[in-house]
Amino acid sequence: MLLRHTPKEISERSAVTINPAKTCQPIGAMYAALGIHGCLPHSHGSQGCCAYHRSTLTRHYKEPIPAATSSFTEGASVFGGQANLMQAFNNIFSVYNPDVIAVHTTCLSETIGDDLPQIRKKAIKEGKIPEGKYVLCASTPSYVGSHVTGFSSMVKAMTEFSESTGEKNGRVNIIPGWVEPCDMEEIKRMSALLGVNAIVFPDTSGVLNAPLTGEYKMFPEGGVTMDDLKATGDAIGTLALGEWCSADAARELDKKSRVPASILDMPFGLAATDRFVDALRTIAGVPVPDQITVERGQLVDMISDMHQYLYHKKVALAGDPDQLISMTEFLVSIDMLPVHIVTGTPGKKFEKRIREITAGMGVEVNVKAKGDFFLLHQWIKNEPVDLLISNTYGKYIARDEDIPLVRWGFPILDRQGHQYFPTVGYKGGIRLLEKILTALLDRKDRDDEEKTFELVL
Ligand code: SF4
């Protein structure tokens, strides 16, 4: 459905969301759970919820998403789903034999009041969880929060398995937040270049960007192992990338095992990557290797070569808070003007942070947490932009307003490549910049008159 009937006049709206800029909590919990090796996510609710969560992830990652469900019918909806979950433990461990089952709730089981830790306790007591197998629990009611908070809750649940032996193991925990599998790979590559022995969790690389080999593996090679999750308690520090996605888990580890936590922005763009590299360098006590310096220099070179095409171009953004904060900072640093910024995830601190980043731009900025695409479209109608950066849902606005669109974020349903080409780090910055420049220059080529239509730009 196109949005050409969206009115320009903005009226106060608090009781209705139109075209949300978020999706539901369990999708985030399911994505995080897939970053544990040998883990089967389990949706404690109705089959319909589970089917929706799986299909959304499948459409974005173009991979089959394995997940089980408590399959609530009328009985469980009234009396609670304990019996269903107990039966599920039996079935899943005997049929699929995962190392871990990661259970998250849904709106329905939360409304009934099912107590997952209590059900897990009972299952352990009754011998339904075999020796050497694990069950994780996360509370993810979707009438609050978003896929981002669901992701964060599942990552925090992973810290339950950390063990402290009293002796540090010299390793560094990196909680990458909700980034693509290739971004997690890139974070590992950069850490290795700096000589950091990292435990990255969750880690969906090798799970949701695995090769087609002709042989189906229900549990692919990738994912953080349970042994590594246990070892997080002995790490010398934790770098949590993103306040929304990763900070709760890092703080929990600090509280539980005295592993000092540093909360950083996600390393998108130049400045946020500088801070990430600096944190890695400091924690590892090493100088920055030449390879990293070269990659940084290449990004700076590209920015300066193409600055004239970026200067004062107005941008509208929709997405998730951690990503948007770093992206906004990157755009400001290359002299673009992010003027409309919306996230569906609640949190006033997001608006405060964006205002701080954009304070020196000298133009009015619209920013809203718990906002929606409808509001973003109205802002654009009132003040047009040169570029829209958002997930696939932004394509309707882009078409109606004839704006170039860079697809970035979650979900991307109608394009490929996001699983394979990282956008974190300096190399990722080059990829981001290439996508932005291609969108702007394609538009310039389309719109130029013959006399200004150039072969070399
Ligand atoms: S009922 Fe709740 S958990 Fe289920 S799909 Fe809808 S929003 Fe998500």
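As a starting point, this report considers the structure included with it. Predicted, not measured: the structure shown is a model, and the values here were computed from it.

**Thoughts on helix 6 (residues 116-125)**
Taken together, the buried positions of helix 6 are occupied by Leu116, Ile119 and Arg120. With its buried residues spanning 100 degrees around the axis, helix 6 presents them on a single face. Opposite the buried face of helix 6, by more than 90 degrees, sit the exposed residues Pro117, Gln118, Lys121 and Lys125. Remark: Gly127 follows helix 6 within two positions and exhibits a positive phi of approximately 70 degrees.

**Side note on the sheet that holds strand 9 (residues 314-319)**
Strand order across the open sheet formed by 5 strands is 11-10-9-12-13, with parallel pairing between neighbours. This sheet does not close on itself; its edge strands, each paired only once, are strand 11 (366-368) and strand 13 (405-407). Strand after strand, the sheet turns through a mean of 20 degrees between neighbouring axes, direction not considered. As judged from the 3 bridges shared by strand 12 (residues 387-390) and strand 13, these two strands associate in the parallel manner. Looking at strand 13, one finds that Leu388 is bridged to Leu405. Contacts from helix 14 (residues 321-333) reach strand 9, strand 10 (337-343) and strand 12 within the one sheet, and its direction differs from that of strand 10 by about 175 degrees.

**Things to note about the environment of Ile357**
Mapped onto the fold, Ile357 is located in helix 15 (residues 348-358). For Ile357, a count of 24 C-beta atoms within 10 Å translates into the label buried. In sequence terms Ile357 and Ser71 are 286 residues apart; their C-alpha atoms lie 46 Å from each other. Leaving out residues up to four positions away in the same chain, Ile357 has contacts with Thr328, Glu329 and Val332.

**Structural notes on the pairing of strand 9**
Counting buried residues in strand 9 gives 5 out of 6 residues, a clear majority hidden from the surface. Here strand 9 runs beside strand 10; their pairing, made up of 6 bridges, is parallel. Bridge pairing in strand 10 links Ala318 to Val342. In this fold, the crossover linking strand 9 to strand 10 by way of helix 14 has right-handed handedness.

**A look at helix 18 (residues 425-447)**
Between its first and last C-alpha atoms helix 18 spans 33 Å; for 23 residues at 1.5 Å apiece the expected length is 33 Å, and the two agree. Buried within helix 18 are the following residues: Gly425, Tyr426, Lys427, Gly428, Gly429, Leu432, Leu433, Ile436, Ala439 and Leu440. On the buried face of helix 18, the contacting elements are helix 8 (181-193), helix 11 (270-284), helix 12 (290-305), helix 13 (307-310), strand 12 and strand 13.

What counts and what doesn't
Sequence positions are assigned chain by chain, starting from 1 and proceeding in written order. Given that the model is predicted, a residue must reach a pLDDT of at least 70 before its local features are reported, and side-chain atom pairs must reach 80 or more before they are shown or counted; all residues, however, enter totals for whole chains, interfaces and linings. Any residue with 12 or fewer other C-beta atoms within 10 Å of its own C-beta is exposed, any with 20 or more is buried, and the rest are partly exposed; the C-beta atoms used are placed from the backbone. Secondary structure is summarised from DSSP: a helix means a run of H or I of at least four residues, a strand means a run of E of at least two, and numbering begins at the N terminus for each. What the arc covers is the set of directions going from the helix axis to the C-beta atoms. Paired strands, in this sense, are two strands between which DSSP finds at least two bridges. Between N-to-C directions, angles span 0 to 180 degrees; the directions come from axes that are lines fitted to C-alpha atoms, helices contributing only their stretch in contact. Think of it this way: build a C-beta for each residue from its backbone, and any pair within 7 Å is a contact. Viewed with both strands pointing away, a crossover whose connecting path from the first strand over the helix to the second turns clockwise is right-handed. Expected helix span is computed as 1.5 Å times (number of residues minus one).

Geometric descriptors of this kind do not, in isolation, establish any biological role.
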